[in-house]
Amino acid sequence: MKIVLHNTRKDTIPLLEYYREKGPYKGLVFVQHGYQSTKERGGDMLSLGLARLGYFVVAIDAFKHGERIQEPFVTGTEIERLAEAFVVVKRTALDLVRLHHNHYRIFETFDMIGVSLGGLVAYYLATRTTHIRKLVPVISTPDFLAQARHSLQIAGLDLDTYFTEDKLQFISSINPLNQLEKLTYKELFILCGNTDQIVPMKESVEFYNNHKTEQISLRVYDAEHTVSREMQKDIYNFIERD
């Protein structure tokens, strides 16, 4: 069956819809790309695969990315970009809440897949809506402050030197680990790479071990910071499972 790729804007947000030419659809899935990527290349294989399975898939450009790119993601330094990353996370998650409410309410619930930075969006989104059926953070982390510290360490910089007190307070204010009572979903599937140096799996494994329930599953793959074919297959199976 033909798959339609529809590039459009809703509420001024650039987005790409993937869907079979004829419905009905099994459900709505948001697929969110990662840091300095775009809606076209941050999760396109996942989006196409899910559309072929019968889902209505929506991928948006994250705040200050893609068609709505803004500084510091044009000419800014890496430090300036890292400092802005959590503003991107919060704004993008709120954009998704608004898009579901204004344009996709025909679907009472939706699934949320986020890759890398998109996984941070997914975690934060789960604190801002009660409509998530399945939450899938991929090569990501629920610990925003630990990730901020790690990203700066990779660059050889010190967190306290390059992040102001206001910025640290902001990160803490949106950190899912500080608002676990708001984290809402039917099921959570965490996927990590055991040699991932960009987003280490340590915090995800700790989160899983500390908050293990029947609704949470975790799988560690022999992978770096990439979405492997094995991960894709497991995501499809998880989304398809009742």
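Predicted model only: the values in this text are computed from it and were never measured. Each chain has its residues counted from 1, running along the sequence as written. In keeping with the predicted nature of the model, local features appear solely for residues at pLDDT of at least 70, side-chain atom pairs appear and are counted solely at 80 or more, and the whole-chain, interface and lining totals rest on all residues. Note that water and hydrogens are dropped before the side-chain values are worked out from all heavy atoms of the structure.

A. Up close: the overall build of the chain. The helix and strand tally for the chain stands at 8 helices and 8 strands. All radius of gyration figures rest on C-alpha atoms, and the globule criterion is 2.2 Å times the number of residues raised to 0.38. Taken against the 2.2 N^0.38 rule, which gives 18 Å for 242 residues, the C-alpha radius of gyration of the chain at 17 Å falls within 12% of a compact globule. For the C-alpha atoms alone, the extent of the chain along its principal axes is close to 55 × 40 × 30 Å. The rule is simple: take the accessible area with a 1.4 Å probe, protein chains only, and divide by the maximum for that residue type; under 20% is buried, over 50% is exposed, in between is partly exposed. The burial tally for the chain puts 55% of its 242 residues in the buried class. What sets the accessible areas is the Shrake-Rupley method with a 1.4 Å probe; for residues, cover comes only from the shown protein chains. When the accessible surface of the chain is split by element, carbon and sulfur atoms take 49% of a total near 11,000 Å². Positive and negative side-chain charges of the chain, numbering 29 and 31 respectively, have mean locations separated by a distance of 7 Å. Starting at the N terminus, helices and strands are each numbered in turn, a helix being any DSSP run of H or I of at least four residues and a strand any DSSP run of E of at least two. Charged residues are defined narrowly, with Lys and Arg counted positive, Asp and Glu counted negative, and His plus the chain ends left uncounted. To locate a charge, take NZ of a lysine, CZ of an arginine, CG of an aspartate or CD of a glutamate.

B. Looking closely at the nonpolar core. Take the buried residues of types Ala, Val, Leu, Ile, Met, Phe, Trp, Tyr and Cys, join any two whose side-chain atoms come within 4.5 Å, and each joined set is a nonpolar core. The biggest cluster of nonpolar side chains holds 51 residues, and the ones touching the most others in it are Y104, M112 and F144. With 10 residues, the top contributor of residues to this core is helix α2 (residues 78-103). In this view, M112 contacts F30, Q32, L96, G118, V121, A122, L125, I132, K134, L135 and V136; residues no more than four positions away in its chain are not counted. Of all hydrophobic cores here, the second largest spans 26 residues; its members include V31, L48, Y55 and V136. Any two residues whose heavy atoms approach within 4.5 Å are treated as being in contact.

C. Examining the sheet that holds strand β5 (residues 110-115) more closely. Here, a strand pair is defined by DSSP locating no fewer than two bridges between the strands. With respect to topology, 8 strands assemble into an open sheet ordered β1-β2-β4-β3-β5-β6-β7-β8, the strand pairing being mixed. The open sheet has two edge strands with one neighbour each: β1 (3-10) and β8 (216-221). Adjacent strand axes in the sheet meet at a mean angle of 15° when their direction is disregarded. For strand β7 (residues 187-193) and β8, the ladder comprises 6 bridges, and the chain directions are parallel. The residue bridging L188 from the neighbouring strand is I216, located in β8. Interaxial angle, 0 to 180 degrees, is taken between N-to-C directions of lines fitted to C-alpha atoms, where a helix line uses only the stretch in contact. Contacting β1, β2 (13-20), β3 (28-32), β4 (56-60) and β5, helix α1 (residues 44-52) runs over the sheet at an angle of about 40° to β2. Lying on the sheet, helix α7 (residues 202-210) is in contact with β7 and β8; it crosses β8 at an angle near 150°.

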